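Coordinates in review
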Amino acid sequence: MMSLTPDQSRKVGLGLMPSPIPFLTPRPERRRPESRGHDWNSARQDKDKEVNVQVLLRCRPLSDEEQRTNVAKVIACNEHKREVTVLHSIANKQVDRVFTFDKVFGPKAQQRSIYDQAIAPIVDEVLEGFNCTVFAYGQTGTGKTYTMEGGKRNKGGDLPAEAGVIPRAIRQIFDTLEAQNADYSIKVTFLELYNEEITDLLAQEDPSRNVEDRQKKPISLMEDGKGCVVVRGLEEEAVYSANEIYTLLERGAAKRRTADTLLNKRSSRSHSVFSITIHVKEAAVGEEELIKCGKLNLVDLAGSENISRSGAREGRAREAGEINKSLLTLGRVINALVEHSAHIPYRDSKLTRLLRDSLGGRTKTCIIATISPSAHALEETLSTLDYAYRAKSIRNKPEANQRVSKAVLLKDLYLDIEKLKEDVRAAREKNGVYIPHEKFAQDEAEKKLRIEKIEQLENELSIRDNQVERYNELYLTEKEKKIDVERELMDCKMTLEKSNNERLDLEENLRVIISTLKEKEIIYMNRTFFN
Ligand SMILES: Nc1ncnc2c1ncn2[C@@H]1O[C@H](COP(=O)(O)OP(=O)(O)OP(=O)(O)O)[C@@H](O)[C@H]1O
């Protein structure tokens, strides 16, 4: 079981779903925010409204190297028609393929324009209390990280033109809340999923701990009993200004593992999830102060290319295999959702467990598919386009998070503190991890139910096995009977053929006899006539 260090216990962060967080209001003296006109009742009325996952397509420009070597371009983007055309010829015959997406951004599209058109409205939804996810999907080197994180910061602290979705989202959140004079808190987490293991990209190395302790990152995924996935042991970092984000991104980027591949020297072979949780104090209703909460997940997936093409070998085979397992499961989840299958294999990989609510759940989701215009990447580009096109038909039911009263939030926090104290005690005494009594009882009850279910399934399986065995025996008997009948049929056919041949011989003989008789009759008549 995992144990927590006192340092972690201070900062333990929970969940892809918003967790109760201390209300860090930077300016308590500020006046109440003006209402932005959002009607929470209407948000609740929207409960059953299904919306499709939004899919955007971004094609990067040819790199300097590609331009220098005159690499052919096989992609044409029509932003106005929201179409991307893959110029393709087979045996001198032009067989272009055209795909339509919710938005298409060509090689000239600027980071700012993509953000303003596609992401800013999503961040507005987060500020209204929704959970939203944006994830980047595509082949290595097509610009996923460029789109999500973007270029380096300017010295002055302004956003550079190359800033990606993450810094722009943080800037928009701060700007909006400041303009409203809102009381708010913003917290971020940054995790990496690599070889089905989660690493906290924001966790500071504690030099006082020994190497073994440092390597043991007790981060695990847990279900919270309400169908939500919780990342246990993840540090939540409070952010007080938009400029701080670069320090966090740099801290995270430094920790991200990269491996050289034949396609891209510093190819990211892991998935990363950057989450921003916002708590905003709303106008008080009577005595009660209400707090709304929204969460934005920004997911940068590992390169989608297949293992053989990326040149991953031997030492990295496991690594590549695991990454593929997560992406394959993501593909299977998308297929199952599109085909309305009864079983969606979310549990088959950590990535799909993490993204569960974003695919077919209550989260608003947007996928940015990134492609290269180069002829060399044609095969992967077509596969990304097919994948992204399929994802367009996934339907989610976005639901705004319930507002919580400050009193309830504080109560939750006190409970959390108590739990963390117990965790620390358990860690100090090195006797495992503290689990509250109710949680333990609930886990035990679930375990009992699961054991009963397994027994029931085993019984059903054994009944089915017996049936299968019986049917097998029946099948074998029938098969033998069939062989006998076939043999008899063959004998009959041979007898029939023999009889037929005999009949033909007899008929031939008869014909000879008749003709002989006729000849004799003529001779006899001639003799009689001349005599
Ligand atoms: N739209 C773009 N405009 C200009 N340069 C771009 C664009 N997209 C990507 N690039 C450049 O292409 C290179 C590869 O991009 P990036 O690292 O973002 O790819 P990636 O898809 O994240 O790859 P990986 O899967 O390895 O993480 C970088 O040098 C980046 O600056």
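None of the values given here were measured: they were computed from a predicted structure.

The next point concerns the overall build of the chain. The helix and strand inventory of the chain stands at 14 helices and 22 strands. If you take every contact in the chain between residues at least 6 apart in sequence, the share linking residues at least 24 apart comes to 72%.

Right, let's talk about the packing of helix 4 (residues 111-127) against helix 6 (residues 165-179) for a bit. Running from N to C, helix 4 and helix 6 point in directions that differ by 50°, and their axes come no closer than 10 Å. By the angle class used here, helix 4 and helix 6 are oblique. Helix-helix and strand crossings are classified by hand; for helix 4 and helix 6 the assignment is right-handed. Between helix 4, through Tyr115, Ile119, Ala120, Val123 and Leu127, and helix 6, the contact on the second element is made entirely by Val165, Arg168, Ala169, Gln172, Ile173 and Thr176. In terms of residue class, the contact of helix 4 with helix 6 is built from 8 nonpolar, 2 polar and 1 charged.

Our next topic: the environment of His343. Inspection of the secondary structure puts His343 in the loop between helix 10 (317-338) and helix 11 (350-354). Residue classification places His343 among the exposed residues on the basis of 7 C-beta atoms within 10 Å.

Summarising the model, the chain shows a mean pLDDT of 79, and 79% of its residues fall at 70 or more. Overall, residues 1-45 carries pLDDT values under 50, and its contacts beyond four positions in sequence, including any with other chains, amount to 92 contacts. Under a pLDDT of 50 for its full length, residues 258-267 has, in the predicted model, 25 contacts with residues more than four places off or in other chains. This prediction of the complex comes with two scores: 0.69 for pTM and 0.98 for ipTM.

Attention now moves to the nonpolar core. Core analysis: the largest hydrophobic core is formed by 86 residues, its most contacted members being Leu57, Ile367 and Ala388. Excluding residues that lie within four positions of it along the chain, Ala388 makes contacts with Val55, Leu57, Phe101, Tyr137, Ile367 and Ala369.

Taking the numbering used here, the UniProt-annotated feature "binding site: ATP" (unreviewed entry) corresponds to Gly138, Gln139, Thr140, Gly141, Thr142, Gly143, Lys144 and Thr145. Relative to the helices and strands, Gln139 resides in the loop between strand 10 (131-138) and helix 5 (144-148). Residue classification places Gln139 among the buried residues on the basis of 26 C-beta atoms within 10 Å. Its place among the elements puts Lys144 in helix 5.

Below, the discussion takes up helix 12 (residues 378-391). With 14 residues, helix 12 should reach 20 Å at 1.5 Å per residue; the first-to-last C-alpha distance of 20 Å fits that figure. When we look at burial in helix 12, the residues that qualify are Glu380, Thr381, Thr384, Leu385, Tyr387, Ala388 and Ala391. For helix 12, the buried positions fall inside an angular range of 165° around the axis, keeping them on one side. Along helix 12, exposed side chains directed more than 90 degrees from the buried face belong to Glu379 and Asp386.

Attention shifts here to helix 4. Remark: the principal bend of helix 4, roughly 50°, maps to Ile119, with a proline, Pro121, within the next four residues. Listing the buried residues of helix 4 in full gives Gln111, Ile114, Tyr115, Ile119, Ile122, Val123, Val126 and Leu127. Two residues or fewer past helix 4, Gly129 is found with a positive phi of approximately 105°.

Reading across from one edge, 4-5-8 is the order of the 3 strands in this open sheet, with antiparallel pairing throughout. Each end of this open sheet is capped by a strand with a single partner; those strands are strand 4 (75-78) and strand 8 (97-100). Each strand axis lies, on average, 20° off the axis of its neighbour in the sheet, ignoring direction. Relative to strand 5 (residues 83-86), strand 4 runs antiparallel, the two being bridged by 4 bridges. For Asn78, the partnering residue across the bridge sits in strand 5 and is Glu83. On the sheet, helix 12 packs against strand 4, strand 5 and strand 8 and is oriented at approximately 145° with respect to strand 5.

Turning our eyes to something else, we now look at the environment of Val55. Relative to the assigned elements, Val55 resides in strand 3 (residues 54-59). Under the C-beta neighbour-count criterion, Val55 is labelled buried, with 25 such atoms within 10 Å. A sequence separation of 337 residues divides Val55 from Lys392, and the C-alpha atoms of the two residues are 5.9 Å apart. Discounting residues that sit within four places of it in the chain, Val55 has contacts with Phe101, Asp102, Ile367, Ala369, Ala388, Ala391 and Lys392.

Attention now goes to the packing of helix 6 against helix 8 (residues 244-255). The relative placement of two packed helices comes down to the angle between their axes together with the axis-to-axis distance. At a minimum axis distance of 10 Å, the contact between helix 6 and helix 8 shows a crossing angle of 150°. Accordingly, the angle class assigned to the pair helix 6 and helix 8 is roughly antiparallel. Here the hand of the crossing between helix 6 and helix 8 comes out right-handed. In this structure, helix 6 contributes Ile166, Pro167 and Ile170 to the contact, and helix 8 contributes Ile245, Tyr246 and Leu249. Taken together, the residues that form the contact of helix 6 with helix 8 break down as 6 nonpolar, no polar and no charged.

Attention shifts here to the pairing of strand 11 (residues 184-194). For strand 11, a buried count of 11 out of 11 residues is recorded, marking the element as mostly surrounded by other parts of the structure. Here 10 bridges tie strand 11 to strand 18 (residues 271-281), and the two strands are oriented antiparallel to one another. Paired with Leu193 across the two strands is His271, which belongs to strand 18. With 4 bridges connecting them, strand 11 and strand 12 (residues 197-200) associate as antiparallel partners. Residue pairing for strand 12: Tyr194 is matched across the bridge by Glu197. Once strand 11 ends, the chain turns through 2 residues before running back antiparallel as strand 12, passing Asn195 with a positive phi of about 55°.

Turning next to unusual backbone geometry. For Asn70, which is not glycine, the phi dihedral falls at a positive 55°. By the C-beta count within 10 Å, which is 7 here, Asn70 ends up exposed. Despite not being glycine, His340 shows a phi value in the positive range, around 55°. Tracing the sequence through the fold places His340 in the loop between helix 10 and helix 11. His340 gets classed as exposed once you count the C-beta atoms within 10 Å, which come to 10.

Criteria and cut-off values
Residues numbered from 1 in each chain as written. Predicted model: local features only at pLDDT ≥ 70, side-chain atom pairs only at ≥ 80, totals over all residues. Helix = DSSP H or I, 4+ residues; strand = E, 2+ residues; numbered from the N terminus. Contact = placed C-beta atoms within 7 Å. Axes fitted to C-alpha atoms, helices over the stretch in contact; angles between N-to-C directions. Parallel < 35°, antiparallel > 145°, perpendicular 65-115°, else oblique. Left-handed = near helix turned anticlockwise from the far one by under 90°. Nonpolar A, V, L, I, M, F, W, Y, C, P; charged D, E, K, R; others polar. Buried ≥ 20, exposed ≤ 12 C-beta atoms within 10 Å, placed from the backbone. pLDDT = per-residue confidence, 0-100. Core = buried A, V, L, I, M, F, W, Y, C linked by C-beta atoms within 7 Å. UniProt positions renumbered as here; feature names shortened; annotations may be inferred. Expected span 1.5 Å × (residues − 1). Arc of directions from axis to C-beta. Bend = angle between axes of the 7 residues up to and from the residue. Pairing = 2+ DSSP bridges.

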